[in-house]
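# Structural characterization, general
What follows is the residue order along each chain.
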Amino acid sequence: MAAANYLRSEDQFLCSICLDVFTDPVAIPCGHNFCKNCITEHWNSSDQFLCPMCKKVFNTRPELHVNTFISEMVVQFRQSAQQKASSSSSEQQVSKPGEVPCDVCTGTKLKALKSCLVCLASYCETHLEPHLTMSGLNRHQLIDPVENLEERMCTKHDKPLELFCKTDQTCVCMLCLVLDHKMHNVVPLKEEYEGKKAELGKTEAEIQQMIQKRRLKIQEIKHSVDLSEEDADREIAEGVQVFTALKESVERGQANLINTIKEKQKTTEKQAEAFIKELEQEISELTKRRTEVEQLSRSEDQLHLLQSVQSLKAAPPTKDWTEVSIRPSYEGTVGRAVAQLDETLSKDMKKLLEDEMKRVQQYAVDVTLDHDTAHPQLILSNDGKQVRPGKVKKNLPNNPERFSDCIFVLGKQSFSSGRFYFEVQVKGKTDWNLGVARESINRKGNITVSPQNGYWTVWLTNGNEYKAATSPSVSLSLKSRPQKVGVFVDYEKGLVSFYDVDAAALIYSFTGCCFTEKLFPYFCPCLNEGRKNSGPMIISPVGVN
């Protein structure tokens, strides 16, 4: 059983020089075995008699004798390999469409295991055996089976394409090297193959990294969609709640208006009924007196007529109805109702804005000024929370981050995702500019502040002119002069909003912005002109007046 395993071990019968099964195996004094021709050629090409395995040096050239034991074992191994090949030939797979067939098989074509670049043929397991065992064939170059082996031959010289010309970036044969590419940079095909394979491996890794980045971006986008959906649901719920409240307020105002008018109408009807009743009573009395007068006027008794006339004169006088009228007044009722509704809606809107202020204030961040970006004329506090315009331009290093001509300064903190909010006190200033700016803005020379140039800001000029720095700028009509301004940014939504913190009122919003890089808080206290604008811009703790 052990002998059988030994026979099946091919490594035991390989020459370490030709890496093939022994042919005429010989043993040298150190005990190692080689093909007789292999060790002879090895020593013929060397200045010393060295064992290729253990590196032992012999003073004289050893006499070589064929190792009959190893030779017999090799014969048995080859016979065993041939028997194994013949017994397994029936188990070999028949070539299927898309697979390379054996070029030697007649009749049913078996699946090829290897292709020979020297023979330009593909072989199944059985027909491949000579290339594995015969000394003349075992030096042929075998590769995984491929079709169209003739394409691996030089069409000009009918020789194998074994070299690669780096100069012309093409595969060439040995004759091409001598005749057509003699002065070119030519390397073995394997060397170029390994180099290109390494490049392809690197390219594959880069592509895989790009794929991974895009998969992460897909996850990020999906997550953004989920967040957007949550925001949309929340906004819809809040919107429905707001408009429901407004609708209820309008309906209450309408109901109150109708009730007021109806009450006035009822009062008018009651007054009219009272007047009518009084008039009907007087008509009844007057009718009765008319009858008495009519009867007395017909009397021919002089004494009776005169006595009765005196009693008629003593009757109570009738009421003068000339100035009495029913004129119900509804003028101003609708106006007063609308005014009341407007007051209610104003209160509701104020509450909504206060709620919105509380919501954005949840994203408050701690912002400090970056001294390295400040224009030399600006004066910054030691804690980086205040900036005011100075009169003298300080001698500061003109580093790439610093603004050279415009008296701007940026915050140290940058933001490239999510939401953030900060508040700046501008009380007492007649001119200022405030907002956010992207990282790549120009910081040298004269600068036009606009979204196209990477700035999203609002500003105050001349003490009462408020504008949004769009292109062109937009004038803003504010009910009150902001003493503290809040800046809110939603990076993913592309939103920049400005608030009057004390009035809980929205000043302006930039919408539909496309942010692709870091954003920094931006401040400009403007020049100090006659001490009118000498006050500082102060970064205030959120929620503290």
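Shown above is the structure to which this text applies.
Residues numbered from 1 in each chain as written. Predicted model: local features only at pLDDT ≥ 70, side-chain atom pairs only at ≥ 80, totals over all residues. Heavy atoms only, no water.

### Some thoughts on unusual backbone geometry
Definition in use: Secondary structure is summarised from DSSP: a helix means a run of H or I of at least four residues, a strand means a run of E of at least two, and numbering begins at the N terminus for each.
In this structure, the amide linkage connecting S471 to the following residue, P472, adopts the cis form with an omega of 0 degrees. Checked against the element boundaries, P472 lands in the loop between β17 (465-468) and β18 (474-476). At K55, a position not held by glycine, the phi torsion is positive, near 65 degrees. By the secondary structure assignment, K55 is in the loop between β3 (49-50) and β4 (57-58). Of note in this structure, D158 is not a glycine but carries a positive phi near 55 degrees. Assignment of secondary structure puts D158 in the loop between β7 (142-143) and β8 (163-165).

### Examining the nonpolar core
To keep it simple, the criterion reads: Side-chain atoms within 4.5 Å are what join buried Ala, Val, Leu, Ile, Met, Phe, Trp, Tyr and Cys residues into a set we call a nonpolar core. The cut-offs for exposure are 20% and 50% of the maximum accessible area for each residue type, with area from a 1.4 Å probe on protein chains only; residues under the lower value are buried, those over the upper are exposed, and the others partly exposed. Here, residues are in contact when the closest pair of their heavy atoms is within 4.5 Å.
With 51 residues, the main nonpolar core has F408, F422, W432, L434, Y455 and F523 as its most contacted residues. In terms of residue count, strand β22 (residues 519-524) provides more of this core than any other element does, 5 residues in total. When residues no more than four places from it in sequence are discounted, the contact partners of Y455 are F403, F408, V436, A437, I441, N442, I447, T448, V449, S450 and Y522. F34, C35, I39 and F58 belong to the second-largest nonpolar core, a separate cluster that totals 18 residues.

### Some details on the pattern of salt bridges
For the record, the criterion: Whenever a carboxyl oxygen of Asp or Glu lies within 4 Å of a side-chain nitrogen of Lys or Arg, that contact is scored as a salt bridge.
Going through the model one piece at a time under the given rule, you end up with 9 salt bridges. For D180, the salt bridge is made with K156, and the minimal N-O distance between the two is 3.0 Å. One end of the pair, D180, is in the loop between α5 (174-179) and β10 (186-188); the other, K156, is in the loop between β7 and β8, with 24 residues separating them in the sequence. Note on K156: relative accessible area 58%, which makes it exposed. Here E192 and K166 are joined by a salt bridge, their closest N and O atoms 2.8 Å apart. Taken together, the positions of E192 in helix α6 (residues 189-297) and K166 in the loop between β8 and β9 (170-172) put the pair 26 residues apart, joining distant regions of the chain. Exposure remark for E192: the relative accessible area of 8% places this residue in the buried category. Several salt bridges share partner residues, and in doing so they unite K166, E192, K196 and E199 into one network.

### Looking at the sheet that holds β10
Adjacent strands of a sheet form backbone hydrogen bonds with each other and so pair up, either parallel or antiparallel. Rule in force here: In this description, strands pair whenever DSSP reports at least two bridges between them. Axis geometry follows a simple rule: fit a line to the C-alpha atoms, using only the stretch in contact for helices, then measure angles between N-to-C directions, giving values from 0 to 180 degrees.
Strand order in the open sheet made by the 3 strands is β9-β8-β10, with antiparallel pairing throughout. The open sheet terminates on both sides in strands that have one partner only, identified here as β9 and β10. Looking at each pair of strands side by side, their axes are set apart by 35 degrees on average, direction ignored. Taken together, the 3 bridges between β8 and β9 define a ladder with antiparallel strand orientation. Residue pairing in the sheet places C165 in a bridge with T170 of β9. Here α6 sits on the sheet and contacts β8, β9 and β10; the angle it forms with β10, its principal contact strand, is near 85 degrees.

### Topic: the state of the cysteines
Here is the idea: a disulfide is a covalent bond, and it sits between the sulfur atoms of two cysteines. So the rule is basically this: The disulfide criterion used throughout: a pair of cysteine sulfur atoms within 2.5 Å.
The tally for this structure, following the rule as stated, stands at 0 disulfides. No disulfide involves C119; its sulfur sits 3.6 Å from the nearest other cysteine sulfur, which is in C116. C119 gets classed as partly exposed once you look at its relative accessible area, which sits at 32%. Considering cysteine sulfurs only, C524 is the nearest to C526, which forms no disulfide, with 3.9 Å between them. With a relative accessible area of 18%, C526 lands in the buried category.

### Looking at the packing of aromatic side chains
Rules: Stacked, tilted and edge-to-face are the three classes assigned to paired rings of Phe, Tyr and Trp, where Trp is represented by its six-membered ring and a pair needs centres within 6.5 Å; plane angles under 30 degrees give stacked, over 60 edge-to-face, the rest tilted.
Under the defined criterion, the tally for this structure stands at 14 aromatic pairs. Considering the side-chain rings of F275 and W321, the 5.9 Å spacing of their centres and the 80 degrees angle between planes classify their relative orientation as edge-to-face. With F275 in helix α6 and W321 in the loop between α7 (302-313) and α8 (333-361), this pair connects stretches of sequence that are 46 residues apart. With a relative accessible area of 18%, W321 lands in the buried category. Ring centres 5.4 Å apart and planes at 70 degrees place the aromatic pair F403 and F408 in the edge-to-face group. Each member of the pair, F403 together with F408, is buried.

### Things to note about the sheet that holds strand β16 (residues 455-461)
Read across the open sheet, the 6 strands follow the order β13-β22-β15-β16-β17-β18; overall the sheet is antiparallel. Strands with a single pairing partner mark the edges of an open sheet, and in this sheet they are β13 (409-410) and β18. Here 2 bridges tie β13 to β22, and the two strands are oriented antiparallel to one another. Of the residues in β22, the one forming a bridge with L410 is Y522.

### Focus: the side chain of S122
Cut-off, in case you're wondering: Whenever two N or O atoms come within 3.5 Å, that pair is a polar contact, provided that in protein one can donate a hydrogen and the other can accept it, and provided that, for residues adjacent in sequence, both atoms are side-chain atoms.
Within the secondary structure, S122 sits in strand β6 (residues 121-123). When its relative accessible area of 2% is taken as the criterion, S122 is described as buried. For S122, the side chain forms a polar contact with the side chain of S115, separated by 2.6 Å. In contact with S122, not counting residues within four places along its chain, are V100, P101, C102, D103, V104, A112, K114, S115, V146 and L149.

### Observations concerning a negative patch on the surface
Where we set the bar: A residue counts toward a patch only above 30% relative accessible area and without a salt bridge, and it is joined to like-charged neighbours within 9 Å or, for Val, Leu, Ile, Met, Phe, Trp and Tyr, to nonpolar neighbours within 5 Å. Accessible areas in this description were obtained via Shrake-Rupley with a 1.4 Å probe; residue shielding takes into account the shown protein chains only. Under this rule, positive means Lys or Arg and negative means Asp or Glu; His and the chain ends count for nothing. By convention, the point assigned to a charge is CZ for Arg, NZ for Lys, CD for Glu and CG for Asp.
Judged by side-chain charge, D226, E229, E230 and D233 come together as a negatively charged surface patch. As for its position among the elements, D233 is in helix α6. Using a relative accessible area of 47% as the deciding quantity, one classes D233 as partly exposed.

### Some thoughts on a nonpolar patch on the surface
Taken together, the side chains of L175, V178 and L179 present a nonpolar region at the surface, about 280 Å² in accessible area. With respect to the helices and strands, L179 occurs in helix α5. Look at L179 and you get exposed, because its relative accessible area is 55%.

Keep in mind these values describe shape, not function.
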